[in-house]
Every structure is written in C-alpha cells, then in structure tokens.
Amino acid sequence: MYNYYMDKRSVFSKPLLLVLQAFFALLIMVSACSVAPEETNVKDTIIKHFESRGYRVVKLEITGIENFPLGKRDYMAPKKYTVGVPHIELLRIDSSTGPHSSPLTFKNASVTIRSTDKYGVWMIENIQGIPLT
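Definitions and limits used
- Residues numbered from 1 in each chain as written.
- Predicted model: local features only at pLDDT ≥ 70, side-chain atom pairs only at ≥ 80, totals over all residues.
- Heavy atoms only, no water.
- Phe/Tyr/Trp six-rings, centres within 6.5 Å; stacked < 30°, edge-to-face > 60°.
- Helix = DSSP H or I, 4+ residues; strand = E, 2+ residues; numbered from the N terminus.
- Buried < 20%, exposed > 50% of the residue type's maximum accessible area, 1.4 Å probe, protein only.
- Lys NZ or Arg CZ within 6 Å of the ring centre and 35° of its normal.

S.K.: Quick one: what's the story with the packing of aromatic side chains, residue by residue and with numbers?
M.R.: All told, the structure shown has 1 aromatic pair when counted by the stated rule. Plain terms: the ring middles of tyrosine 81 and tryptophan 122 are 5.5 Å apart, the flat faces sit at 80° to each other, and that makes the pair edge-to-face. Of the two residues, tyrosine 81 is situated in strand E3 (residues 80–92) and tryptophan 122 in strand E5 (residues 122–128); the sequence distance between them amounts to 41 residues. On the basis of relative accessible area, tyrosine 81 is assigned to the buried category, the value being 2%. Exposure remark for tryptophan 122: the relative accessible area of 13% places this residue in the buried category. One residue, arginine 92, lies across the ring of tyrosine 55, its end atom 4.9 Å from the ring centre.

Below, the structure written as structure tokens:
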C-alpha cells in the first residue's frame, strides 16, 4: 500500500538530518577552538598586574577558571574568563614600606581576564573584592 505522507517525511528527513549533523560538527569545532587559560598563566597575569601597581603578591590561591557568563558577553569581544580568588596577600612595595609592614589580606575576590592578540597572554579586565587604588 502506498503512503503519500510516509514518502514526504522520508524525503525531508535526509536534508534536515544533514543540516543538524553539520550544525553539531560546527558547534564542536568552534567550542574546541577556545582553550581555557592555564592556571600558571592566570597566576602570572595576576602577579604582574599587582607588581605593576606597586604590590608584591605574598600568597595567591585561585579556584576554577570559568567562561564569562553568556548573558554578560559582548558581541565580537575577546574571550573572557572569571577566576575565583579565595585568598590573596599583597605587600606594598615603596620607599615608605618598612620591615614590619604587614601584608594586606583579601578573601573571596573575583578576577575577570580577557584574551589578547598574543596566544597565551591574558590581561586583567576587572577585579572585584580587592579595593586597591
């Protein structure tokens, strides 16, 4: 017995299946291209940031390096990640710092880093929880 609807459905399912396969392949390729920064690169970026502002990092702990939330991303902007900083100790470096200076301790901070034009080089875009000038 000939079924007209069965033939139509099978004709449209092949192109739809090919489009879905191409979409998922493209999605996998695009997501594979974005590599999260290594922990050592992130720590170096944070240390260099504070050293350029006159602080020495005495102790630094970082937790998960997570993609910047999708709802906060800008179109065509550099790749961003949020880094948790559960504990950081900074020591002010200048001529007024004496041998008995105590480090500044901050807990539960957050740092947003973004990619640069150079591979493996990251830049700090925003710091929350470390109120230094």
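S.K.: Now, about unusual backbone geometry: what can you tell me, with residues and values included?
M.R.: Even without glycine at this site, asparagine 108 takes up a positive phi of about 55°. Looking at where asparagine 108 falls in the secondary structure, it is placed in strand E4 (residues 104–115).

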